[in-house]
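# Survey of secondary and tertiary structure
Listed below are the residues making up each chain.
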Amino acid sequence: MKHSFVVFLLSILFLLQYSQCYAQPPREHKTLAIGASAPDFTLPAVDGKTYTLASFSNSKILVIIFTCNHCPTAQAYEDRIIQLTDEYTNKGVAVLAIMPNDPKSITLSELDYTDLSDSFEEMKIRAKEKQFNFPYLYDGDTQATAKAYGPAVTPHVFIFDETRKLRFQGRIDDVENPAKTPKYFDTRNAIEALLANKEVTTPTTKVFGCSAKWKEKSDWIVKAQQEWAKEPVQLNDIDVAGIKNLLKNESGKLRLINIWATWCGPCVTEFPEFITMNRMYRKRDFEFISISADDPAKKEKALQFLQKQQASNANYIFSTDDKYQLIEAVDPNWQGALPYTILVEPGGKIVYAKQGIIDPLQMKKTIIEHPLLGRFY
């Protein structure tokens, strides 16, 4: 009897643990229901204007797309949103995009498919580069509008009729990759139905993309910083043969190499940018390597600098004080001024070389647009 009772208790404990592991957590911010009225908003846009719901009162149909800069799925749909706007603006359809994410709640590891995060200033850059033909609104500070509409991911489409009742919410189409052809054009079909004064046959669909980055999740950043601080930092010697081997790049990865020194002001100033790039892209086919041009006798000083920078990437210091050997080994085209940065493809082809301080944004763009990485899944 006693044995049976123990077995019973253990079974109950197991079931409780099982249910906790597999129970579906409740959605934090409920998605607006079909038939609901469009919540009002007052949001700044990248064009310098402030928009409200009334700003689009002259349009028969209102299409609101919650999207962002950093998400690969969102980037994959940018051109299709531009095309959608081109096709329907003259038919009484207003298309606008709202960026719902709190930029401070996005970790660097979530930026592995982009050169830009989701700050208002970075939204301006993306809109200008892509020549957005629709208003691009920022809701990252309060997220009040995002909470009212409840987008599950980016991108997430909400389509309202002339009375501003929600008639469709879901995806743009069923194929993320812009090089492939979708079978179902859900957003386009919903617009066409409303223009013809018909019911939307499929008023809701599932959505695929990056989850909305809510402000209450900003503790992720603190946790990430704590993890980075735990990563070991090392500084190893390297000679001419070692450098030539690095330049051969048999890693199969895109290799970013920065030559720097502790006595070089511009080197020290820009070095944190390389740490940022490493944290953004290191999960992919990318690696960052630093080579110190400090005198070998200053190795400890160089290591202390790297430790302060939390440079857990591969770090080397040139093992002799003959800097001309270093110059020739790295790149015969290099004149010798520091800092010096090169981007090396697998097989050893140098596809980027810069003497002096880099443009961090241009460097990220060069990395993410290389065929080895790319912006899309």
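Preceding block: the structure.
Basis of the calculations
Residues numbered from 1 in each chain as written. Predicted model: local features only at pLDDT ≥ 70, side-chain atom pairs only at ≥ 80, totals over all residues. Heavy atoms only, no water. Helix = DSSP H or I, 4+ residues; strand = E, 2+ residues; numbered from the N terminus. Buried < 20%, exposed > 50% of the residue type's maximum accessible area, 1.4 Å probe, protein only. Contact = heavy atoms within 4.5 Å. Areas by Shrake-Rupley, 256 points an atom, 1.4 Å probe, with all protein chains shown as cover. Lys, Arg positive; Asp, Glu negative; His and termini not counted. Charge placed at Lys NZ, Arg CZ, Asp CG, Glu CD. Pairing = 2+ DSSP bridges. Axes fitted to C-alpha atoms, helices over the stretch in contact; angles between N-to-C directions. Polar contact = N/O pair within 3.5 Å; in protein donor to acceptor, adjacent residues only side chain to side chain. Arc of directions from axis to C-beta. Core = buried A, V, L, I, M, F, W, Y, C linked by side-chain atoms within 4.5 Å.

## A few points about the overall build of the protein
A tally of regular secondary structure across the protein gives 11 helices and 15 strands. Along the first, second and third principal axes, the C-alpha atoms of the protein reach 80 × 80 × 35 Å. The buried share of the protein, taken over its 377 residues, is 48%. Once local pairs closer than 6 in sequence are excluded, the contacts in the protein between residues at least 24 apart make up 77%. A total of about 18700 Å² of accessible surface is found on the protein, and carbon and sulfur atoms cover 53% of it. Each charge class in the protein can be summarised by its mean position, and for the 45 positive and 46 negative side chains these summaries are 5 Å apart.

## Quick look at the sheet that holds strand 8 (residues 166-170)
Ordered in space as 5-4-3-7-8, the 5 strands form an open sheet in which the pairing is mixed. Single-partner strands in this sheet number two, and they are strand 5 (136-138) and strand 8. Between one strand axis and the next, the sheet turns by 20 degrees as a mean value, whatever way the strands run. Alignment of strand 3 (residues 61-66) against strand 4 (residues 93-99), held across 6 bridges, turns out to be parallel. Paired with Val63 across the two strands is Val95, which belongs to strand 4.

## Here we look at the environment of Asp219
Here Asp219 lies in helix 6 (residues 219-230). Given the relative accessible area of 34%, Asp219 is considered partly exposed. In this structure, the C-alpha to C-alpha distance between Asp219 and Ser105, residues 114 residues apart in sequence, is 7.5 Å.

## Examining the side chain of Asp161
Structurally, Asp161 is set in the loop between strand 7 (156-160) and strand 8. Separated by 3.0 Å, the side chains of Asp161 and Arg167 make a polar contact. In contact with Asp161, other than residues within four places in its own chain, are Lys60 and Arg167.

## Section: helix 7 (residues 240-248)
Buried within helix 7 are the following residues: Gly242, Ile243, Leu246 and Leu247. All buried residues of helix 7 project into a common sector of 140 degrees when viewed along the axis, lining one side. N-cap assignment for helix 7: the residue whose side-chain oxygen lies 3.3 Å from the backbone N of Ala241 is Asp239. Just past helix 7, the residue Asn249 takes up positive phi, approximately 50 degrees.

## Let's talk about unusual backbone geometry
Cis peptide bonds are those with omega within 30 degrees of zero, and the linkage from Thr154 to Pro155 qualifies with 0 degrees. Residue placement: Pro155 occurs in the loop between strand 6 (153-154) and strand 7. Residue Pro339 is reached from Leu338 by a cis peptide bond, and omega for that bond is -5 degrees. One can find Pro339 in the loop between helix 10 (323-330) and strand 14 (340-344). Its identity as a non-glycine residue notwithstanding, Arg164 has a phi of 65 degrees, on the positive side. Of note, Arg164 is situated in the loop between strand 7 and strand 8.

## Considerations on the sheet that holds strand 12 (residues 286-292)
If you trace the 6 strands from one edge of the open sheet to the other, you get 10-13-12-11-14-15, paired in mixed fashion. The open sheet has two edge strands, strand 10 (236-238) and strand 15 (350-355), and neither has a second partner. Pairs of neighbouring strands in the sheet enclose a mean axial angle of 25 degrees, with direction left out of account. With 3 bridges connecting them, strand 10 and strand 13 (residues 314-318) associate as parallel partners. Across the sheet, the residue bridging to Asp237 is Ile317, located in strand 13.

## Comments concerning the nonpolar core
Counting residues in hydrophobic clusters, the biggest one holds 53 residues, and the most contacted among them are Ile243, Leu256, Ile259, Leu326 and Ile367. If one sorts the elements of this core by residue count, helix 8 (residues 265-281) sits on top with 7 residues. When residues no more than four places from it in sequence are discounted, the contact partners of Ile259 are Ile291, Ala293, Leu326, Val330, Trp334, Leu338, Pro339 and Tyr340. Counting residues in hydrophobic clusters, the runner-up holds 31 residues, among them Ile65, Ile82, Ala190 and Ala193.

## A short note on the environment of Arg279
Structurally, the position occupied by Arg279 is in helix 8. Classification of Arg279 by relative accessible area gives buried; the value is 12%. Along the primary structure Arg279 and Trp228 are separated by 51 residues, whereas in three dimensions their C-alpha atoms are 9.0 Å apart. Those residues within four positions of Arg279 in sequence are excluded, and the remaining contacts are Leu108, Ser109, Trp228, Gln309 and Gln310.

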